[in-house]
Amino acid sequence: MDDLSNTRRAFLANAGAVLGLAAATVPHLAALAHELQQPRSDDDFWAFVQQSFSSGRGIVNLNNGGVSPSPRIVTEALERYTWQQEDTTAYTMWQILEPQSERIRAELAALFGCEAEEIAITRNASESLEILLFGLDLKRGDEVLTSTHDYPRMITTLRQREQREGLVLRQVKLPLAPKDPAAILRAFEAGITPKTRVMLVSHVVNITGQITPLRDLCELGRARGIEVIVDGAHSFAQFPFTRDELRCDYFATSLHKWLFAPKGTGMLYVKRDRIERVWPLMAAEKKQAADIRKFEEIGTHPAAPRLAIGEAILFHRAIGAERKAARLRTLARRWETRLRDIPKVRIHTPLDDAQSCAIGTVEIEGIEPGPLQQYLFNTHRIFVTPIAHDEFKGLRITPSVYTTFEEIDRFAEVMEVVAKRGLPAA
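(A) The sheet that holds strand β12 (residues 385-388), seen in detail. Strand order in the open sheet formed by four strands is β9-β10-β13-β12, with antiparallel pairing between adjacent strands. The open sheet has two edge strands, β9 (345-347) and β12, and neither has a second partner. Averaged over all pairs of adjacent strands, the angle between strand axes in this sheet comes to 30°, irrespective of strand direction. For β12 and strand β13 (residues 393-397), the ladder comprises four bridges, and the chain directions are antiparallel. Bridge assignment links P386 to a residue of β13, and that residue is L395. Seen against the sheet, helix α14 (residues 369-380) touches β10 (360-364), β12 and β13 and runs at an angle of roughly 35° to β13. Helix-sheet contacts for helix α15 (residues 405-421) involve β9, β10 and β13, and the interaxial angle to β10 is about 25°.

(B) Local environment of the layout of surface pockets. Computed from the structure, the largest pocket encloses a volume of approximately 270 Å³. In this structure, the largest pocket is lined by 17 residues; those nearest its centre are S126, Y151, A233, S254 and K257. Here the lining of the largest pocket is built from residues that sort into four nonpolar, nine polar and four charged. Forming the boundary of the second largest pocket are 15 residues, of which H203, I211, T212, L214 and L246 lie nearest the centre. When residues of the lining of the second largest pocket are assigned to their parent elements, the largest contribution, three residues, is made by helix α10 (residues 214-224). For the lining of the second largest pocket, the residue count by class is nine nonpolar, two polar and four charged.

(C) Inspection of the nonpolar core at higher detail. Among the nonpolar cores identified, the biggest contains 70 residues, and L108, F112, F188, M199, F236, F251 and L259 are the most heavily contacted of them. With eight residues, the single largest contributor to this core is helix α12 (residues 304-319). Sequence-distant contacts of F251, defined by excluding residues within four places in its chain, comprise F112, H203, V230, G232, S235, F236, F241, L246, M267, L268 and Y269. Judged by nonpolar contacts, the second largest core, of 26 residues, contains L62, V362, I397 and A419.

(D) Spatial organisation of the environment of T242. Following the sequence through the fold, T242 ends up in the loop between β6 (227-231) and α11 (243-246). Accessibility expressed as a relative area gives 29% for T242, which makes it partly exposed. Taking the C-alpha atoms as reference, T242 lies 5.0 Å from F112; in sequence the two are 130 residues apart.

(E) Quick peek at the pairing of strand β7 (residues 250-254). Of all five residues in β7, five are buried, a share of seventy percent or more. By the alternation rule, side chains of β7 split into Y250, A252 and S254 and F251 and T253, which are all buried. Inspection of the sheet shows β6 paired to β7 by three bridges, in the parallel sense. By the bridge assignment for β7, D231 is matched with A252. As defined by bridge partners, β7 adjoins strand β8 (residues 266-270) across five bridges and the pair is classed as antiparallel. When the sheet's bridge partners are listed, A252 is paired in β8 with L268.

Reading guide: rules and limits
- Residues numbered from 1 in each chain as written.
- Predicted model: local features only at pLDDT ≥ 70, side-chain atom pairs only at ≥ 80, totals over all residues.
- Heavy atoms only, no water.
- Pairing = 2+ DSSP bridges.
- Helix = DSSP H or I, 4+ residues; strand = E, 2+ residues; numbered from the N terminus.
- Axes fitted to C-alpha atoms, helices over the stretch in contact; angles between N-to-C directions.
- Contact = heavy atoms within 4.5 Å.
- 1 Å grid on protein atoms, 1.4 Å probe; cavity = no way out; pocket = protein on both sides within 12 Å on 5 of 7 lines; lining within 4 Å.
- Points joined across faces, edges and corners; volume = space filled by probe spheres on them.
- Nonpolar A, V, L, I, M, F, W, Y, C, P; charged D, E, K, R; others polar.
- Core = buried A, V, L, I, M, F, W, Y, C linked by side-chain atoms within 4.5 Å.
- Buried < 20%, exposed > 50% of the residue type's maximum accessible area, 1.4 Å probe, protein only.

Set out below in structure tokens:
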């Protein structure tokens, strides 16, 4: 409990300083911090966390990997800043609110373990990744290596460069639920050719929840003179790590997934000595060549979502990164271990804690994921993500910290019945 108490105390101590909140709003955060500081059993603690979200319970939401609900303090902050920016809009946005983004930049850098001057605040992981994938200078015939499990929008991005500029996209197949994560490293290594200039690697594979051996992949690229771009859309704030542990030069993520920040917020990390070599997605002045803020030149944009990231960081710290990851793994393992030995059930995610956290993909042989997803939702109000990939299929299951054991058990029970009896006739 000592580590948890420390994070709770930090939550209270930072509540005003991190965001410079108006005095009238500080008591609200102080009250929340006070509640988190109270001695509680583990069940009581997570019950309080669950109650911090305003999500309705009429639907069992097991698709938090797409976009997550935010806790109440984030939603209320977003509303507060939105109203504030309507007061003498141009002055308030650019003279009062926008400068506060620098504090958010510093807090994100502290979470990731890098310098503030290496963090750009973006709208999502896709924007962050496209900045990198379009921004690196490549010539006709240069190869970009990624996997067949990577996010479709990023594959589309690379296909466009392939069509317009003559780049070559190469994709390797990744093993499903490997016993040894080194198999993933070997797959990428086998795909490298003398023309490989860039590798795009998912830290967590979005369709399986597989955690890749990212540090080894980054070191592989570095040893071969290959730029490695990390898609961290599903890793940042799901489980703890730092930039130095990954040894990456480029990292992109969404903040509206596992950090629970407002929708349409993301983060881009570019190592300081790499900033100047990457073109911004939208034009920036020459004097900004080595400034991380050149990647934020998108024209007029709302300050409110950016500033409310601060409350999401406070909430994340109040829970504690290690405790949060442990809870997410507990929720995932609860349904995975219950279903894994049932005939016809295939889990496409390793149950090793080093290789997965909250996300898991499950298939019932002989049943298409689309109809199964519809049955779960229409009959049982359980919301999941169907996966129909060329190499496998199933349902992606992503609980979150507000998910209850009862909701996990309800999902597992329905899946057990379907595995044994099939889908009911229409």
